[in-house]
Amino acid sequence: MITSVRRLTTTCALGAALATLAACGTDRPSASPAPQTPQALHAPRAPQHAPAPSPAVSRPPTLAPGPAGLTPVFKNGPRTPDRVVALTFDADMTADEGPRAAAGEHFDNPQLIATLRALKVPATVFMTGRWAEEYPIQARSIGRDPLFEIANHSYSHYAFTGDCYGLPTVSEDRMRSEVERTYTAFRKAGVNNAMPYFRFPGGCYDRKALRALSATGVTAVQWDVVSGDAFATDSDAVAKQVLEGVKPGSVVVMHCTRSAAPATERAVRLVVPELRRKGYRFVKVSQLIGAADRRR
């Protein structure tokens, strides 16, 4: 299901599915890799056979932990005269939606990704681990395209608090594994550069959830502009809501799922030229976080 944001507009949960990649190699079964945190994914790899010196690995920007070491939360970038905006797309699929995908429901939106590429719009895709398992070829294609960055949207798209738009709830002892299992799913799909950012399903979190994720090293990313694209069929209305809400430094939440957000691709085609006409430049979430961190 889609990231539910119904409290501000009609929103919900959506998803997307990726076909399973066939592995190449010997017939000997390999051991399942251990879950990886963002720090492990971006850490330099151990050298083999005395390699030549190489430049230090550049780690993505993150925010410092909050009070008592809680996971930091990012909602928007600096409100500077530099008009930048980050479009984000939630690739939602809950852990129990496999039968619906098998029956033909489309939790992906390749036309949306193609449009972003054609318009040369950088974007951040918050992807569930279940989506990456269902559509590994698409996940790998997005992850290897420098125009995009992939971030964590939990494995199952279950809520991290109670009473979150009807989503099933994750127990506190499973919250950390939801994040780690997703990074493992990314790696299996061929995405080895996923960002250390996490978006709570439905945008729902509390102090308990922030404390549970503190050991993962992620920065939680929310938004300040709700597109209202979840289950919307009127792309003009979606575009209008985005255009009226965007300010310098805004993070816009949209969705990357055909079945649950059918108007999104056309709305993007309306929004992008109009924001550019107003002097806006599109950036990824990592660039906004980097700018916010430098201003601290």
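Asker: What is the right way to read the overall build of the chain from this model?
Answerer: Along the backbone of the chain there are 10 helices and nine strands. Relative to its full complement of 296 residues, the chain shows a buried share of 55%. Taking the intrachain contacts of the chain between residues at least 6 apart in sequence as the baseline, contacts between residues at least 24 apart amount to 82%. With the model as given, the accessible surface of the chain reaches about 13,400 Å², and the carbon-plus-sulfur share is 52%.

Asker: What exactly am I supposed to notice about the pairing of strand β2 (residues 84-91) here?
Answerer: Every regular strand shows the same layout, with side chains that alternate between the two sheet faces. Burial analysis of β2 places eight of its eight residues in the buried class, the great majority of the element. Both faces of β2 are covered, namely the face carrying Val 84, Ala 86, Thr 88 and Asp 90 and the face carrying Val 85, Leu 87, Phe 89 and Ala 91. Of the pairings in the sheet, the one linking β2 to strand β9 (residues 281-282) comprises two bridges and is parallel in character. Residue pairing in the sheet places Val 84 in a bridge with Arg 281 of β9.

Asker: Just checking my understanding: could you explain the nonpolar core for this structure?
Answerer: Soluble globular proteins tend to bury their nonpolar side chains together. Counting 57 residues, the largest nonpolar core has Phe 89, Leu 116 and Met 127 as the members making the most contacts within it. Not counting the four nearest positions on each side in its chain, Met 127 is found in contact with Ala 91, Ala 132, Ala 139, Ile 142, Ile 150, Ala 151, Asn 152, His 153, Ser 154, Thr 182 and Phe 186. Counting residues in each nonpolar core, the second largest holds 18 residues, with Phe 126, Ala 151, Val 283 and Leu 288 among its members.

Asker: Could you clarify how one ought to interpret the pairing of strand β8 (residues 250-255) in this entry?
Answerer: Across the six residues of β8, six count as buried, placing the element largely inside the fold. Because side chains alternate across β8, one face comprises the buried residues Ser 250, Val 252 and Met 254, and the other comprises Val 251, Val 253 and His 255, equally buried. Where β2 and β8 come together, six bridges link them in parallel fashion. Bridge assignment links Asp 90 to a residue of β8, and that residue is His 255. Here strand β7 (residues 225-226) pairs with β8 via two bridges, running parallel. Within the sheet, the bridge partner assigned to Val 226 lies in β8 and is Val 253.

Asker: Any chance you could explain unusual backbone geometry here in plain terms?
Answerer: Glycine aside, the phi torsion of most residues is negative, and most peptide linkages are trans. Residues other than glycine seldom take positive phi values, yet Lys 120 does so here, at roughly 55°. Turning to its location among the elements, Lys 120 is positioned in the loop between α3 (110-119) and β3 (123-127). A relative accessible area of 60% means that Lys 120 is categorised as exposed. At Tyr 165, a position not held by glycine, the phi torsion is positive, near 55°. Secondary-structure assignment places Tyr 165 in the loop between β4 (148-152) and α6 (175-188).

Asker: Please explain helix α8 (residues 235-245) as it appears in this structure.
Answerer: Along an α-helix, residues three or four apart share an orientation, since each turn contains 3.6 residues. For α8, the set of buried residues is Ser 235, Val 238, Ala 239, Val 242 and Gly 245. Viewed end-on, α8 has its buried residues packed into an arc of 140°, placing them on one side of the element. Each element contacted by the buried residues of α8 is listed here: β7, β8 and α9 (264-277). Looking at where α8 begins, the residue whose side-chain oxygen comes 3.0 Å from the main-chain nitrogen of Asp 236 is Asp 234.

Asker: Any chance you could explain the state of the cysteines here in plain terms?
Answerer: Defined simply, a disulfide is a covalent bond joining two cysteines at their sulfur atoms. Within the structure shown, the criterion is met by one disulfide. Between the sulfur of Cys 164 and that of Cys 204 lies a disulfide, 2.1 Å long from S to S. The chirality of the disulfide connecting Cys 164 with Cys 204 is right-handed, given an S-S dihedral of about 85°. One end of the pair, Cys 164, is in the loop between β4 and α6; the other, Cys 204, is in the loop between β5 (197-198) and α7 (207-212), with 40 residues separating them in the sequence.

Asker: Hey, could you run me through the packing of α8 against α9 in this one?
Answerer: How two helices sit against one another is set out by the angle between their axes and by the gap between those axes. It is at 8 Å that the axes of α8 and α9 come closest, and there the two elements cross at 35°. Pair α8 / α9 crosses with right-handed handedness. Here Ser 235, Asp 236, Val 238, Ala 239, Val 242 and Leu 243 of α8 lie close against α9, whose contacting residues are Arg 266, Ala 267, Leu 270, Val 271, Glu 274 and Leu 275.

Asker: When you look at the confidence of the model for the chain in this model, what are you seeing that I'm missing?
Answerer: Reading predicted coordinates in detail is not appropriate for stretches of low pLDDT. Looking at the chain, pLDDT values average 86 and 80% of them are 70 or higher. Long-range and interchain partners of residues 1-35, a stretch whose pLDDT sits below 50, account for 132 contacts in this model, where long-range means more than four residues apart. Scored below 50 in pLDDT, residues 40-55 shows 14 contacts in the model against residues more than four places distant or in partner chains.

Asker: Would you take a moment to explain the packing of α3 against α9 for this structure?
Answerer: Two numbers describe how α3 lies on α9: the axes approach to 9 Å, and their chain directions differ by 20°. If you check the angle between α3 and α9, you find them roughly parallel. Remark: the crossing between α3 and α9 carries right-handed chirality. Mapping the contact onto sequence places Gln 111, Leu 112, Thr 115, Leu 116 and Leu 119 in α3 and Thr 264, Glu 265, Val 268, Arg 269, Val 272 and Arg 276 in α9. Residues of the contact of α3 with α9, tallied by class, amount to five nonpolar, three polar and three charged.

About the criteria used
- Residues numbered from 1 in each chain as written.
- Predicted model: local features only at pLDDT ≥ 70, side-chain atom pairs only at ≥ 80, totals over all residues.
- Heavy atoms only, no water.
- Helix = DSSP H or I, 4+ residues; strand = E, 2+ residues; numbered from the N terminus.
- Buried < 20%, exposed > 50% of the residue type's maximum accessible area, 1.4 Å probe, protein only.
- Contact = heavy atoms within 4.5 Å.
- Areas by Shrake-Rupley, 256 points an atom, 1.4 Å probe, with all protein chains shown as cover.
- Pairing = 2+ DSSP bridges.
- Core = buried A, V, L, I, M, F, W, Y, C linked by side-chain atoms within 4.5 Å.
- Arc of directions from axis to C-beta.
- Polar contact = N/O pair within 3.5 Å; in protein donor to acceptor, adjacent residues only side chain to side chain.
- Disulfide = S-S within 2.5 Å.
- Axes fitted to C-alpha atoms, helices over the stretch in contact; angles between N-to-C directions.
- Left-handed = near helix turned anticlockwise from the far one by under 90°.
- pLDDT = per-residue confidence, 0-100.
- Parallel < 35°, antiparallel > 145°, perpendicular 65-115°, else oblique.
- Nonpolar A, V, L, I, M, F, W, Y, C, P; charged D, E, K, R; others polar.

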